[in-house]
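Overview (structure and organization)
Here's the letter readout for the chains.
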Amino acid sequence: EQAGLPQSALKIVNEIYTLAKRQNNDAQVIKALLYKMIVNDQLSEQGKYENVQLLETEIKEAKEPARSILHSIAGGSYWHYLQLNRWQFYNRTRTPSNVSDDIATWDIAKLHERINSHFKLSINNSSLLQNTNLDQYEAILLKGNARKLRPTLYDLLAHRALDYFRNDERYISKPAYSFSINDAAAFSDVKTFTEHEFNTSDTSSQHYQALTLYQQLLRFHLNDRDKAALIDADIHRLKFVHI
């Protein structure tokens, strides 16, 4: 790949992917898939479209917890596509609900619906993810010096989802009942915050979903002996609600 030989790289990646599939090595399957997506982008202008279809197909075949990871990657891929092409979407009228699978034809609402769906599905199986250690996924992780802040797969995927939900650009024009963070409980101590019920008619708001996900994440770590993950998540929560 670095030598500028994407076709040769793709051949090797496909061989690794096939071998990893045969060995049921989820981490290496996902790593090969990520490299395949990189090479597809280099080989064709249609690579970005092929990549999302590649992910959608892989998700259907995958088992947990690999499926949750792939949902997170898919959400991130669609979101990245939106960020690169945002100007096109804001100049596009609402498309019919039965629009094709070609993301180039979608409007911004449909794209956000797909992104939202993937990130929510990535943390849906919370019990399993909370009991899944990250060690078995070393092959697809960027190692840092703060691993204890993301002790489980749930932590990693929840924080990835929060990166999206904290950005509330779902609507070009917001409804009259749109959710806004004006409840004092959002700024309260961690125990009070996790026990509070935030009420709104705008449950599709990304900020509302971010707030409820912070509650779930903090509730998960509330009784930890090591408070590092709890404190880190709570600092992120306070910064979010302050903005």
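Read on for an overview of the structure.

Glancing now at the overall build of the protein. For the protein, the count of helices and strands is 11 helices and 0 strands. Against the compact-globule benchmark of 18 Å for 243 residues, the protein has a radius of gyration of 19 Å, which places it among compact chains. When its C-alpha atoms are laid out on the principal axes, the protein stretches across 55 × 50 × 30 Å. In the protein, which comprises 243 residues, the share counted as buried stands at 44%. A separation of at least 24 residues holds for 63% of the contacts in the protein among residues at least 6 apart in sequence. Accessible area of the protein: about 13500 Å², with a carbon and sulfur share of 50%.

The next subject is the layout of surface pockets. Here the largest pocket is characterised by a volume of approximately 570 Å³. Around the largest pocket sit 19 residues that line it, and I140, L141, L142, L156 and R160 are the ones nearest its centre. If you list the elements that add at least two residues to the lining of the largest pocket, you get α2 (26-43), α4 (66-84) and α8 (153-165). Partitioned by chemical class, the residues of the lining of the largest pocket number 13 nonpolar, 2 polar and 4 charged. Its volume calculated, the second largest pocket comes out at about 360 Å³. The wall of the second largest pocket is formed by 16 residues, among which M37, D41, N51, S77 and H80 lie closest to the centre. Within the residue set of the lining of the second largest pocket, elements represented by two or more residues are α2, α3 (47-61) and α4. Take the lining of the second largest pocket: its biggest share by element is 8 residues, from α4.

A few words now on the packing of helix α1 (residues 6-22) against α2. Packing of α1 against α2 brings their axes to within 9 Å, and their N-to-C directions diverge by 160°. By the angle between their directions, the pair α1 and α2 is classed as roughly antiparallel. The crossing of α1 and α2 is left-handed. The segment α1 lies against α2, with P6, Q7, A9, L10, V13, N14, I16, Y17, A20 and K21 engaging Q28, V29, A32, L33, Y35, K36, V39, N40, Q42 and L43. For the contact of α1 with α2, a count of residues per class yields 13 nonpolar, 5 polar and 2 charged.

Summed over the entire model, instances satisfying the criterion amount to 8 salt bridges. Residue E58 is joined to K21 by a salt bridge in which the shortest nitrogen-to-oxygen separation is 2.9 Å. Remark: K21 occurs in helix α1 and E58 occurs in helix α3; sequence separation between them is 37 residues. With a relative accessible area of 31%, K21 lands in the partly exposed category. Residue K191 pairs with E195 through a salt bridge whose shortest N-O separation is 2.6 Å. Linking K191 with E195, this pair stays in helix α9 (residues 190-195), spanning 4 residues, or about one helical turn. Judged by its relative accessible area of 46%, K191 falls in the partly exposed class. Taking the relative accessible area as the measure of exposure, E195 reaches 56% and is therefore exposed. Salt bridges sharing partners connect three or more residues here, namely K21, E58 and E61.

With that settled, the discussion passes to the packing of aromatic side chains. A full pass over the atoms with the stated rule returns 7 aromatic pairs. Centre to centre, the rings of Y164 and F165 are 5.4 Å apart; their planes meet at 55°, and the pair counts as tilted. Among the aromatic residues, those joined into a ring-pair cluster are W79, F119, Y164 and F165. Across the ring face of Y17, the terminal group of K36 is positioned such that the distance to the ring centre comes to 4.5 Å. Over the ring of W106 we find K110, and its NZ or CZ is 4.8 Å from the ring centre.

Reading the values: the criteria
- Residues numbered from 1 in each chain as written.
- Predicted model: local features only at pLDDT ≥ 70, side-chain atom pairs only at ≥ 80, totals over all residues.
- Heavy atoms only, no water.
- Helix = DSSP H or I, 4+ residues; strand = E, 2+ residues; numbered from the N terminus.
- Rg over C-alpha atoms; globule rule 2.2 N^0.38 Å.
- Buried < 20%, exposed > 50% of the residue type's maximum accessible area, 1.4 Å probe, protein only.
- Contact = heavy atoms within 4.5 Å.
- Areas by Shrake-Rupley, 256 points an atom, 1.4 Å probe, with all protein chains shown as cover.
- 1 Å grid on protein atoms, 1.4 Å probe; cavity = no way out; pocket = protein on both sides within 12 Å on 5 of 7 lines; lining within 4 Å.
- Points joined across faces, edges and corners; volume = space filled by probe spheres on them.
- Nonpolar A, V, L, I, M, F, W, Y, C, P; charged D, E, K, R; others polar.
- Axes fitted to C-alpha atoms, helices over the stretch in contact; angles between N-to-C directions.
- Parallel < 35°, antiparallel > 145°, perpendicular 65-115°, else oblique.
- Left-handed = near helix turned anticlockwise from the far one by under 90°.
- Salt bridge = Lys/Arg side-chain N within 4 Å of Asp/Glu carboxyl O.
- Phe/Tyr/Trp six-rings, centres within 6.5 Å; stacked < 30°, edge-to-face > 60°.
- Lys NZ or Arg CZ within 6 Å of the ring centre and 35° of its normal.

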